Amino acid sequence: MTQTDETVRALFGTLERVVGRVPGAWRRQGEHTTRLLVSRLPLATLNGVFTERLEPDADEVAEFAGVLAKEDVPWSVQVRGEPAPALEKILRAHGLTQPHALHLMAKELDGPAPVRDGVRVAGARDQQDYADVLTMGFEAPREVMGPFASPALLEAPWATAYLREQDGEPVATSYAVRDGRHVGLFNVATLPRHRRHGHGRAVVEAAMGGGYAEGARWAYLQAADDVSPWYASMGFRTLETWTYFLPG
């Protein structure tokens, strides 16, 4: 199995773990590894049909898309790369004509990273502060970002949440999910007025260092076009680009 395939598998495992901590969420997996994840959160990329194979089974995707179409949630279909003609037909049938690209990026960890001043582990007691930074950092509605600050996720035994404070004010967040040799990085956000001061880099380094201390030797994440160069400056490289198809 290639490093890319290992990373893909780790990411899917993480998605299932995270979604499994959301009340009312459910998931299924098909015979051909296609996954159906329904978080019920108002975020299309966390309610969807996820394809692990480079050439997914079109019938399985069609079946799961039909199930999701009946759910009252925003949803999407994810593919590794670009869809084959058979998948394009399924996407058009469901009105999923708006592509959104995310780069799957990874970095080999070569040792523990120092924890910078002001960075600390966040727990359930920090729910309000963590949610505030996520909401303002991503400039997204509270109902979208708030669930990622739930005690069930902040206190998950396989994950660690981080906060960075400046003069007592929480200014940046990250979230590290451990899975054997891999640690996935999520929820990297900085308050807009505190950007370009190294806060984001500090919480990313803390997440990687914590993962390394727990046995991880690779860190991975998904990044949009506008932030992938920033992650590349920290040594991450793009393994492949995924496309999420959203309602047009």
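About the criteria used
Residues numbered from 1 in each chain as written. Predicted model: local features only at pLDDT ≥ 70, side-chain atom pairs only at ≥ 80, totals over all residues. Heavy atoms only, no water. Helix = DSSP H or I, 4+ residues; strand = E, 2+ residues; numbered from the N terminus. Expected span 1.5 Å × (residues − 1). Buried < 20%, exposed > 50% of the residue type's maximum accessible area, 1.4 Å probe, protein only. Contact = heavy atoms within 4.5 Å. Pairing = 2+ DSSP bridges. Axes fitted to C-alpha atoms, helices over the stretch in contact; angles between N-to-C directions. Core = buried A, V, L, I, M, F, W, Y, C linked by side-chain atoms within 4.5 Å.

Draft legend 1. Structural view of helix H4 (residues 127–138). Here H4 is 12 residues long and its end C-alpha atoms lie 16 Å apart, about the 16 Å a rise of 1.5 Å per residue gives. Among the residues making up H4, those that are buried are Tyr-130, Ala-131, Val-133, Leu-134, Thr-135 and Gly-137. Contacts made by the buried residues of H4 are with strand S6 (119–122), helix H5 (142–145), helix H6 (151–154), strand S7 (159–166), strand S8 (169–179) and strand S9 (182–190). Looking at the residues trailing H4, positive phi occurs at Glu-139, about 50 degrees.

Draft legend 2. Representation of unusual backbone geometry. Of note in the backbone geometry, Glu-139 takes a positive phi value of approximately 50 degrees without being a glycine. Structurally, Glu-139 is set in the loop between H4 and H5.

Draft legend 3. Representation of the sheet that holds S6. Overall, mixed pairing links the 11 strands, which are arranged S1-S2-S3-S4-S11-S5-S10-S9-S8-S7-S6 in an open sheet. Both outer strands of the open sheet, strand S1 (26–29) and S6, are each paired with one neighbouring strand and no more. Neighbour to neighbour, the strand axes of the sheet diverge by 25 degrees on average, direction disregarded. Summarising the sheet, strand S2 (residues 35–38) and strand S3 (residues 47–50) pair through 4 bridges and their orientation is antiparallel.

Draft legend 4. Region of the structure containing the nonpolar core. Formed by 39 residues in total, the largest nonpolar core has its most connected members in Leu-15, Tyr-130, Phe-148, Trp-158, Tyr-175 and Trp-242. No other element matches helix H1 (residues 3–20), which puts 7 residues into this core. Discounting residues that sit within four places of it in the chain, Tyr-175 has contacts with Tyr-130, Leu-153, Leu-154, Ala-156, Trp-158, Ala-159, Thr-160, Ala-161, Gly-184, Leu-185, Phe-186 and Asn-187. The next biggest cluster of nonpolar side chains, apart from the first, holds 21 residues, and it includes Val-119, Ala-207, Ala-219 and Met-234.

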